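Close look at the chain arrangement
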Amino acid sequence: MKKNYLLLTVLGSLVISGCGGNSTSTSNSNSNNVITSSNPQVSLTETQVLENMLKELRQGVKFVGTLDQKSHYLNDDHGTPTGETAENTLNVEITYQSKEQNAFSSYVTSTYADGTTAVYIDNNAFQGEDGYAYYYALDYDNQVKEFPYISTGGSQTSFNYYCINPFSYISADDFIKVNGKENVYTLTNTKTAVFAANVFADIDIAFYELIEELEFVIEDGSLKSFTIVPSSVYDVAIDFENWVYIYYLLEQKGTFEVTEVGTAKVEKPEARKATSAKEDLDKLQSAFSKIEGDNYTVNVK
């Protein structure tokens, strides 16, 4: 039962707040360091390698991963743990496209501790020639059609406001090496907050807390993966069955693997194709035939 509390409060919010900090132990990058790029014949400075990497990421990137959430339920004093916990995992697949046409897609499913899974987000957005955001969806006649994104105020939404590639905000100078970890980088405090808020927004998660950890694994001039760990946050849910407040401490960790860079493409949804239902249709026709011949029995319990 308590797994639903997490779904109601954490997954149900659309509010994003950009506040951030970074407590990861780091050292400043040296832009004059000479490192070898993926081409063994060419040696580039660290800054050049990072700029080349970002250029590709801005053209298009797809990453998949999970956002693991754990709630520690609290007593009525709102501070003492009861010992009860609830776990939830969001399975995330996000794509940003900048070649040919700016586009974005986010597909998120939620997996609970008991193994059940539900689709939480299935969004797409394409930038029109007018600069506004449009999405494609099935109409009532099973045809894929274009619809504009409309804000709560009733006006059309700019694509640049709705879904910007988070790597668009980052430059090579924003990266900082993490002490004691090979090929691992973080960002300055300001860019850490901006990047994390954008990723969480595209997963459709409320974001209020500081960032305890943001780490990028960069090997041979390519981004392989990244991790986001927000600080724990106290939150409250409503038990609608008993109309009581449920207080808990929420822990979250996002782990993402970069699966495509530069060529990532957002596909428009396709109309659903009708599937054969001949067996079920035969049963239904047989049942109606029996009714027409007054050959049926009604059991009342």
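This is a predicted model, so every value here is computed, not measured. (Residues numbered from 1 in each chain as written. Predicted model: local features only at pLDDT ≥ 70, side-chain atom pairs only at ≥ 80, totals over all residues. Heavy atoms only, no water.)

Side note on the layout of surface pockets
Space inside the second largest pocket adds up to approximately 410 Å³. Within the residue set of the lining of the second largest pocket, elements represented by two or more residues are β5 (81-97), β6 (103-112), β7 (117-127) and β8 (133-138). For the lining of the second largest pocket, the residue count by class is six nonpolar, five polar and eight charged. (1 Å grid on protein atoms, 1.4 Å probe; cavity = no way out; pocket = protein on both sides within 12 Å on 5 of 7 lines; lining within 4 Å. Points joined across faces, edges and corners; volume = space filled by probe spheres on them. Helix = DSSP H or I, 4+ residues; strand = E, 2+ residues; numbered from the N terminus. Nonpolar A, V, L, I, M, F, W, Y, C, P; charged D, E, K, R; others polar.)

Examining the confidence of the model for the chain
Put simply, the chain has an average pLDDT of 80, and 77% of its residues get 70 or more. In the predicted structure, residues 1-42 sits below a pLDDT of 50 and forms 119 contacts with residues beyond four places in sequence or in another chain. (pLDDT = per-residue confidence, 0-100. Contact = heavy atoms within 4.5 Å.)

Let's talk about the pattern of salt bridges
Evaluated as defined, the whole model comprises seven salt bridges. With its nearest N and O atoms 3.9 Å apart, the salt bridge here joins K70 to E87. Here K70, found in strand β4 (residues 60-74), pairs with E87, found in strand β5; they are 17 residues apart in sequence, far enough to count as distant. With relative accessibility at 28%, the residue K70 sits in the partly exposed group. For E87, a relative accessible area of 44% corresponds to the partly exposed category. K265 is paired through a salt bridge with E100; the nearest N and O atoms lie 3.4 Å apart. Taken together, the positions of K265 in the loop between β15 (244-261) and α5 (278-292) and E100 in the loop between β5 and β6 put the pair 165 residues apart, joining distant regions of the chain. Relative accessible area serves as the criterion here: at 79%, E100 is assigned to the exposed category. (Salt bridge = Lys/Arg side-chain N within 4 Å of Asp/Glu carboxyl O. Buried < 20%, exposed > 50% of the residue type's maximum accessible area, 1.4 Å probe, protein only.)

Focus: the environment of E129
Mapped onto the elements of the fold, E129 is located in the loop between β7 and β8. Since its relative accessible area comes to 90%, E129 is described here as exposed.

Describing the pairing of β7
In the sheet, β6 pairs with β7 via nine bridges, with the strands oriented antiparallel. The partner of T111 across the bridge, within β7, is T117. Taken together, β6 and the strand that follows it, β7, pair antiparallel across an intervening segment of four residues, in which G115 is found at a positive phi of about 95 degrees. By the bridge criterion, two bridges tie β7 to β8 in an arrangement that is antiparallel. Within the sheet, the bridge partner assigned to F126 lies in β8 and is Y134. The antiparallel pairing of β7 with β8 creates a hairpin that spans five residues between the two strands, and G131 there sits at a positive phi of about 90 degrees. (Pairing = 2+ DSSP bridges.)

Looking at the side chain of S110
Relative to the helices and strands, S110 resides in strand β6. Within the structure, S110 has its side chain in polar contact with the side chain of N88 (distance 2.7 Å). (Polar contact = N/O pair within 3.5 Å; in protein donor to acceptor, adjacent residues only side chain to side chain.)

Focus on the side chain of N124
Along the chain, N124 falls in strand β7. Separated by 2.9 Å, the side chain of N124 and the backbone nitrogen of Y136 make a polar contact.

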